[in-house]
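Residue strings, one per chain:
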Amino acid sequence: MTLLTLHPAHDSTAPNGRSTPEVPLIPAMSTGPLTPHATSAGLVAAGGLTTTVPREYVHRASHAEVFLTGCRRRDDANYALTGQWPRAHTFFTTPDGAHHDALQAAETIRQTGLYLAHAELGVPLGHHFLLHDLTVTTHPEQMSIGSLPTDLTLHATCTDVVRKGIRLAEFRMQITITGDDGRPYAAGGGRFTCLTPATYRRLRAAGISGDPLPPAADPFGRPHPDVLALPGVVGKLHPFDVVLSPTGDAHRWLLNPDPCHPVLFDHGGDHYPGMVLVEAARQATHAHHVPANPLTTTLVTEFHNYAELRAPLLIETTLQPGPVEAPAVRVTGRQNDRAVFTTDVITLTTP
């Protein structure tokens, strides 16, 4: 079984080991019409004001990192949602600065799965999730950044729903993301398993030695920031956003994110978040193609084991067969002599 956990924003067992009360389920919010979007003049259509969904539903501590704005149930398996991507983001950026980032689409898919589980499928807040796989394919030619934030229309379908009694055990979600004008932006999905706090404690007991570390702690004597990869080599603009350190092998890197990063480590946890691993795959792929200046279009990730904070995690890249104009790289993360995750990354080479 794959073992990557998406932590709740307010867990019944906090990362510092202190116990907090169980948070009850908040009633679903999809009984009314979809929330209307604000116009560029600041006016709103009849029916109410636009706001984001509660950050607790998508396991985010910061309101600014919530990309969903509304949801309506269409039937027992299908949901229509709305969302918004900002014109500029502190982390989700492309090398050319002109397109929305594929990782932002992946994060939107992750948030949608968690939101539907809590708001529509009956999972109480405080429960944990295992994300077995995460897939996103984007249309970068359609995802150019305009003069206003990008309003999104999302269509999600939940299948393979398994319940144990009345409790949701697991489900798969597929989603398409389009603009308000119908332009296709991205599609993808993932498989989620829901865990009670008690089950999660038992599952993680064998993988954690000692108390969990707070997010600002240094897990295993990381390299000095001076030995981080150069931002341009991994497709980033700022050293703060680099998550890899070189090993002397052009196709092997050491995972080395800043544990104080406000997006990658939005809230504490006892292992590396899944989006940190996906970002590491994207950065390693960019380094593999330098100086071709690739633009990520597809990420297909399988999570095999927890990525523990206290052991070095090596990132390896291997070029896969594929067309020259859209090269594919397989990225494997290994820790303690076992695979933690595997990501196939497809890119377009840009001038």
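Now for a look at the structure at hand. (Residues numbered from 1 in each chain as written. Predicted model: local features only at pLDDT ≥ 70, side-chain atom pairs only at ≥ 80, totals over all residues. Heavy atoms only, no water.)

1. Concerning the pattern of salt bridges
Scanning the model with the defined rule gives 15 salt bridges in all. Asp 101 serves as the salt-bridge partner of Arg 282, at 2.7 Å between the closest nitrogen and oxygen. Here the residue Arg 282 occupies a position in helix H3 (residues 274-289), and Asp 101 occupies one in the loop between strand E3 (78-85) and helix H1 (102-119), the gap between them amounting to 181 residues. For Asp 101, a relative accessible area of 1% gives the class buried. Salt bridges here are not isolated pairs; linked through shared partners, they connect Arg 60, Glu 107, Arg 110 and Asp 266. (Salt bridge = Lys/Arg side-chain N within 4 Å of Asp/Glu carboxyl O. Helix = DSSP H or I, 4+ residues; strand = E, 2+ residues; numbered from the N terminus. Buried < 20%, exposed > 50% of the residue type's maximum accessible area, 1.4 Å probe, protein only.)

2. Re the pairing of strand E11 (residues 314-320)
Summarising the sheet, strand E9 (residues 252-255) and E11 pair through three bridges and their orientation is antiparallel. Residue pairing for E11: Arg 252 is matched across the bridge by Glu 316. Across seven bridges, E11 lies against strand E12 (residues 328-335) in antiparallel orientation. Along E12, the bridge assignment pairs Thr 317 with Val 331. (Pairing = 2+ DSSP bridges.)

3. Focus on the packing of aromatic side chains
Applying the stated rule across the entire model yields five aromatic pairs. Ring geometry for Phe 171 versus Phe 192: centroids 5.1 Å apart, planes at 10°, classification stacked. Here the residue Phe 171 occupies a position in strand E6 (residues 167-179), and Phe 192 occupies one in strand E7 (residues 184-195), the gap between them amounting to 21 residues. Among the residues examined, Phe 171 registers a relative accessible area of 1% and is labelled buried. Relative accessible area serves as the criterion here: at 0%, Phe 192 is assigned to the buried category. Taken together through their ring pairs, the aromatic side chains of Phe 67, Phe 91 and Phe 92 make up a single cluster. In this structure, Arg 204 packs its charged tip against the face of Tyr 306, placed 4.0 Å from the ring centre. We note Lys 236 situated over the ring of Phe 91; from NZ or CZ to the ring centre the distance is 4.2 Å. (Phe/Tyr/Trp six-rings, centres within 6.5 Å; stacked < 30°, edge-to-face > 60°. Lys NZ or Arg CZ within 6 Å of the ring centre and 35° of its normal.)

4. Some remarks on helix H2 (residues 197-205)
Among the residues of H2, those classed as buried are Pro 197, Tyr 200 and Arg 204. The buried residues of H2 occupy an angular sector of 60° when the element is viewed end-on, so they sit on one face. Summarising the geometry of H2, the exposed residues directed more than 90 degrees from the buried face are Arg 202 and Ala 205. (Arc of directions from axis to C-beta.)

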